Amino acid sequence: MASHLFCGRVNLNILREAARKDLREFLDKCSGSKAIVWDEYLTGPFGLIAQYSLLKEHEVEKMFTLKGGRIPSAAVKNIVFFVRPRLELMDIIAENVANEDKLQPREFHILFVPRRSLLCEQRLKEKGVLNSFTNIDEYILDLIPYDGDLLSMESESSFRECYLENDQTSLYHAAKGLMTLQALYGTIPQIFGKGECARHVANMMLRMKREFAGSHTQILPVFDTLLLLDRNVDLLTPLATQLTYEGLIDEIFGITNGYVKLPPEKFAQKKQGEGGKDLPTEPKKLQLNSAEELYAEIRDKNFNAVGAALSKKAKIISAAFEERHNAKTVGEIKQFVSQLPHMQAARGSLANHTSIAELIKDITTSEDFFDSLTVEQEFMTGVDTDKVSTYIEDCIAQKDPLIKILRLVCMQSVCNNGLKQKVLDYYKKEILQTYGYKHILTLKNIEKVGLLKPQSTMRNNYPTIRKTLKLWMEDANEQNPNDISYVYSGYAPLSVRLTQVLARPGWRSIEEVLKILPGPHFEERQLVPTGLHKKRQPGENRTTLVFFLGGVTYAEIAALRFLSHMEDSGTEYIIATTKLINGTSWIKSLMDNPEENLP
């Protein structure tokens, strides 16, 4: 069930159902029994659209992961490859088909996600297997609903493609995704944007709109405004350590397609007298979304406020179980029994989140975490950003993880509008001598995207941006926040501050700052068909879709949710992105062969 997709201002289940319908139609084209061979990266995103039960209804009997050699034997009529359009995957598919048992002929089909590729088909032709395929099709999976207010394309290297390789494929997919959204939820009348990629997406979308003029269904617009934001407008936010509950889960354990894998020992069910024997060895896999009542309540809180919330919840659940002693009549007992499954689920949820909070607390209370956070906050407030940091020096000397070093060095560079040449050269020399010269490409990549750069003759504009947009708030209230800065315990994400100012009082009030930030800022209007103009009721909030091109962090999502829930905000936000990221996954995406090269 996808009940959590109904709960927001916009029913995102409509998008999920449209994707399921397309999938059913493709599967029905391949009549008879089927085995699906998966490109492993796609299994997570597809799991959010369709469970195995739906595939089973359409005669899918087996599922395999795409690997070289032969496809495992299966008594099925059709073999269907679900793959991204990647040349290296075509080589594996060609090997699979060439090794097929000629005595047991089967029909082959390819489904490219999200787009069909002529280059890939050419590769299959060169390998001599193109004619073996009965169906070659594409499955347009652009925006995947993750939660009631969250959509992601899960395009794993969109930032790298746009800013390093000058490949705008993911921007085309973003524009197509926005067209799909408008086909289902109506035309978005106002478009605002900041950054080069935002300009490209808006241009492509407006061109597509002209090309398909008159072909869209007449739907009353659900969204009032679309805001397109380039990730490189705000390079600082993803580098900072997220301090919300969900943000820290992602920083420490990594959330993938709505699931997290956790150390199993914390979740072992110990029975009396058994001691600690037979502890589980498989990681504990938990789904994280707003369908779980407690998670929806605590996910966006600053971690320092989570303990009190869990303690309060424990008292409520305990009191609910105590009610059984007061149930005297048959009716009262019956009512208590009917509530029991919900109460037991709540107790299980509380136990899980108490264990996760303990795991996080072990890290956040460590001296190392505190020291690193102190240095981050010093950089963000402009302290000692123009000289070599002794803390970073010590971390390199202790051979701390390279990604931690890169995050801190990049943060210092961003907060200082570049580093003095001798400081930059010193850091680069120390990193290469300590972690190996194979990382010279990584340093080149992060320089090319602007995360690390020498200081130019221009003055440092970061203090101006910080003061004008109030990016640093002293004494941020973590328990009962009154400003978005609580998500980083003082730092207000620049991207979200821009979103907040756009809603009220408008970007004209910060024209000077917008000129300093990279890329153009613009406003476009789309004509809404006659009779479909939204009549707003008194007190009704506007709905804005904020689309992050290049990735968004969970802390930024929490800050936007906070704005949605503010009494006087007047705007509710739905978030879309090319990828859900954190500082580690973001820096990793800019490395060449990160798995091989990381020490």
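Because the structure is a prediction, the values reported are computed rather than measured.

**Some points on the pairing of strand 8 (residues 190-194)**
- For strand 8, the buried fraction is high: five of the five residues fall into the buried class.
- Across the two faces of strand 8 the burial is the same, with Gln190, Phe192 and Lys194 and Ile191 and Gly193 all buried.
- Direction of pairing for strand 8 relative to strand 9 (residues 225-230): parallel, over a ladder of five bridges. Bridging across to strand 9, phenylalanine 192 finds its partner in leucine 227.
- Note that strand 8 and strand 13 (residues 521-525) share five bridges and pair antiparallel.

**A closer look at the domain arrangement of the protein**
- According to the domain assignment, the protein consists of domain 1 (3-141), domain 2 (142-234 + 470-598), domain 3 (256-266 + 282-365) and domain 4 (368-416 + 418-458).
- Computed from C-alpha atoms alone, the centre-to-centre distance between domain 1 and domain 4 is 43 Å.

**A word on the sheet that holds strand 4 (residues 107-112)**
- Spatially, 2-1-3-4-5 is the arrangement adopted by the five strands of the open sheet, whose pairing is parallel. Two strands in the sheet have a free side with no partner beyond their single neighbour: strand 2 (60-65) and strand 5 (133-138). Averaged over all adjacent pairs, the angle separating strand axes in this sheet is 20°, with direction ignored.
- Strand direction decides the pairing type here: strand 3 (residues 78-83) and strand 4, joined by six bridges, are parallel. Within strand 4, the residue paired with isoleucine 79 across the bridge is phenylalanine 108.
- The strands touched by helix 2 (residues 40-47) are strand 1 (34-38), strand 2 and strand 3; relative to strand 1, the strand with the most contacts, the crossing angle is about 110°.

**What about helix 7 (residues 169-185)?**
- With 17 residues, helix 7 ought to run about 24 Å at 1.5 Å a step, and its terminal C-alpha atoms sit 24 Å apart, in line with that.
- Those residues of helix 7 that sit buried are Ser170, Leu171, His173, Ala174, Ala175, Gly177, Leu178, Met179, Leu181, Gln182 and Tyr185.
- In this fold, the buried residues of helix 7 make contact with helix 1 (13-29), strand 7 (150-152), helix 6 (158-163), helix 8 (196-211), strand 9 and strand 14 (542-549).
- Two residues or fewer past helix 7, glycine 186 is found with a positive phi of approximately 90°.

**Comments concerning helix 9 (residues 245-252)**
- Here helix 9 lies mainly inside the structure; seven of its eight residues are buried.
- Those residues of helix 9 lying buried are Tyr245, Glu246, Gly247, Leu248, Ile249, Asp250 and Glu251.
- The first or second residue beyond helix 9 is glycine 254, which carries a positive phi of 85°.

**Describing the nonpolar core**
- Counting 165 residues, the largest nonpolar core has Phe82, Leu228, Leu451, Leu498 and Phe547 as the members making the most contacts within it.
- Ranked by the residues each element gives to this core, the list is headed by helix 15 (residues 402-415), at 10 residues.
- Among the nonpolar cores identified, the runner-up in size contains 23 residues, and Phe81, Val83, Met90 and Leu124 belong to it.

**Focus on the pairing of strand 11 (residues 259-262)**
- Side-chain alternation along strand 11 places Val260 and Leu262 on a buried face and Tyr259 and Lys261 on a face that remains uncovered.
- Two elements, strand 10 (residues 255-256) and strand 11, share two bridges in a ladder whose sense is antiparallel. From the neighbouring strand, threonine 256 faces strand 11, where its bridge partner is tyrosine 259.
- Here strand 11 pairs with strand 12 (residues 284-287) via four bridges, running antiparallel.

**Observations concerning the sheet that holds strand 10**
- If you walk across this open sheet you meet the three strands as 10-11-12, and the pairing is antiparallel. What marks the edges here is a single partner per strand, and that holds for strand 10 and strand 12.

**Some thoughts on the pattern of salt bridges**
- Applying the stated criterion to the full structure yields 36 salt bridges.
- For glutamate 17, the salt bridge identified is with arginine 20, shortest N-O distance 3.6 Å. On the criterion of helical spacing, the pair formed by glutamate 17 and arginine 20 is a turn pair, its members being three residues apart in helix 1.
- Given the relative accessible area of 33%, glutamate 17 is considered partly exposed.
- Where lysine 313 meets glutamate 293, a salt bridge forms, and the shortest distance between an N and an O atom there is 3.5 Å. With lysine 313 in helix 11 (residues 306-322) and glutamate 293 in helix 10 (residues 293-298), the pair connects residues that are 20 residues apart, well separated along the chain.
- One salt-bridge network, in which partners are shared between bridges, spans Asp147, Asp149, Glu246, Arg299, Asp300 and Arg561.

About the thresholds
Residues numbered from 1 in each chain as written. Predicted model: local features only at pLDDT ≥ 70, side-chain atom pairs only at ≥ 80, totals over all residues. Heavy atoms only, no water. Buried < 20%, exposed > 50% of the residue type's maximum accessible area, 1.4 Å probe, protein only. Helix = DSSP H or I, 4+ residues; strand = E, 2+ residues; numbered from the N terminus. Pairing = 2+ DSSP bridges. Domains from an automatic or database assignment. Axes fitted to C-alpha atoms, helices over the stretch in contact; angles between N-to-C directions. Contact = heavy atoms within 4.5 Å. Expected span 1.5 Å × (residues − 1). Core = buried A, V, L, I, M, F, W, Y, C linked by side-chain atoms within 4.5 Å. Salt bridge = Lys/Arg side-chain N within 4 Å of Asp/Glu carboxyl O.

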